[in-house]
Amino acid sequence: MELIQETSDLSAYLAADEVIDHHHPVVREVAARLAKGVADSYAYAQAAYEFARDTIPHSQDVGDLRVTWRASDVLERRTGICHAKAHALAALLRAEDIPTALCYQSLLHDDGSGHAVHGLVAVRFNGAWHRQDCRGNKPGVDAQFSLDGERLAWIPDRESSEVDYPVLYAEPHPAVLRALKEAPDRPSLGRTLPTAL
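In this text, all values refer to a predicted model and were calculated from it rather than measured experimentally. (Residues numbered from 1 in each chain as written. Predicted model: local features only at pLDDT ≥ 70, side-chain atom pairs only at ≥ 80, totals over all residues. Heavy atoms only, no water.)

### Considerations on the overall build of the protein chain
Secondary structure summary: the protein chain contains seven helices and six strands in total. Walking the protein chain from its N terminus toward its C terminus, one meets helices and strands in the order β-α-α-α-α-α-β-β-β-β-β-α-α. Relative to the globule expectation of 16 Å for 197 residues, the C-alpha radius of gyration of the protein chain, 15 Å, shows essentially globular dimensions. Within the span of the protein chain, comprising 197 residues, buried residues form 51% of the whole. Counting only contacts in the protein chain whose residues sit at least 6 apart along the sequence, the fraction spanning at least 24 positions is 62%. Carbon and sulfur atoms make up 48% of the accessible area of the protein chain, which amounts to about 9100 Å² in all. Of the side-chain charges in the protein chain, 20 are positive and 29 negative, and the distance between the mean point of each set is 4 Å. (Helix = DSSP H or I, 4+ residues; strand = E, 2+ residues; numbered from the N terminus. Rg over C-alpha atoms; globule rule 2.2 N^0.38 Å. Buried < 20%, exposed > 50% of the residue type's maximum accessible area, 1.4 Å probe, protein only. Contact = heavy atoms within 4.5 Å. Areas by Shrake-Rupley, 256 points an atom, 1.4 Å probe, with all protein chains shown as cover. Lys, Arg positive; Asp, Glu negative; His and termini not counted. Charge placed at Lys NZ, Arg CZ, Asp CG, Glu CD.)

### What to know about the pairing of strand β4 (residues 128-132)
The buried fraction of β4 amounts to four of the five residues, a majority that puts the element mostly inside the structure. Between strand β3 (residues 115-125) and the antiparallel strand that follows it, β4, lie two residues; asparagine 126 among them carries a positive phi value of about 50°. (Pairing = 2+ DSSP bridges.)

### Focus on the sheet that holds strand β2 (residues 100-108)
Pairing within the open sheet is antiparallel, and its four strands lie in the order β4-β3-β2-β5. The open sheet has two edge strands, β4 and β5 (163-164), and neither has a second partner. As paired elements, β3 and β4 share five bridges and run antiparallel to each other. Within β4, the residue paired with valine 121 across the bridge is glutamine 132. Helix-sheet contacts for helix α5 (residues 82-95) involve β2 and β3, and the interaxial angle to β3 is about 10°. (Axes fitted to C-alpha atoms, helices over the stretch in contact; angles between N-to-C directions.)

### So, the layout of surface pockets
The computed volume of the largest pocket comes to approximately 630 Å³. Taken together, 26 residues make up the lining of the largest pocket; nearest its centre are His58, Gln60, His109, Asp110 and Ala116. For the lining of the largest pocket, the secondary-structure elements that each account for two or more residues are α5, β2, β3 and α7 (186-192). Within the lining of the largest pocket, the residues separate by chemical class into eleven nonpolar, nine polar and six charged. (1 Å grid on protein atoms, 1.4 Å probe; cavity = no way out; pocket = protein on both sides within 12 Å on 5 of 7 lines; lining within 4 Å. Points joined across faces, edges and corners; volume = space filled by probe spheres on them. Nonpolar A, V, L, I, M, F, W, Y, C, P; charged D, E, K, R; others polar.)

### Here's the deal with the nonpolar core
Tyr44, Leu75, Leu89, Leu92, Leu93, Leu102 and Leu189 are the most contacted members of the largest nonpolar core, which totals 50 residues. Only α1 (25-35), α2 (41-55), α4 (71-77), α5, β2, β3 and α6 (174-182) provide two or more residues apiece to this core. At nine residues, α5 tops the list of elements feeding residues into this core. Once you skip the residues sitting within four places of it in the chain, leucine 92 turns out to touch Val27, Val30, Ala31, Leu34, Tyr44, Ala48, Phe51 and Leu75. Judged by nonpolar contacts, the second largest core, of eleven residues, contains Ala12, Leu120, Leu168 and Ala170. (Core = buried A, V, L, I, M, F, W, Y, C linked by side-chain atoms within 4.5 Å.)

This is the structure:
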C-alpha cells in the first residue's frame, strides 16, 4: 500500500498541538530519559516505540475505564486505547525531531460484532514512511518496531471488510478525537468511536 501524506509540508508532522503536546514537561522528561544512552535517532525511535507499547497498558486489555487522549495525560496516567497510545508515541518521536504521522485501520471487533477504527503511527526515515503499531502485545498480537517491512498488530482482512487507510494525518482524525474527548469512560467510547473513516 502506498502511504499518502495529508499535507506535503513535512513540518506539519513535527508540530505540537493540544493532543500531541510534545512541549509539555512530562513528554520532555520521558523523551530525555529515553534519549540517554541511545546511539542515534533510529535507536531512539525504537526505544520510544517499545516504551509506549510495553509500559502504557492498553486500557481495554487491563480493564481500565479511564479515557485519555492528550499525549501528556497518557504518559502521566499510564493508560489509553490504541489512539491515545499513538498520540503519546507521536509526541515522544516529534520531541526528538522525528516526523511522525497518525494513521488508521478499520478492523472487526474481537467478537466479530462490528468494525472499529484502530490507530497507529508512521515514522519517516530515509525518505520513506514506516507504520508502527504500539497498541500493546497480548496473546495473538506481536507488533514490533520495524523499518524493514511492517510488523503491525493486525493485517486487515478484505473479506471481512477490514480496511487499511493510506492517509498519513498530521493531527488526529476529527471523528476519532471527538469521540475520545466526549467519552465519559471507555465503555462509552467503544460505542461512539467511528467504525470507518
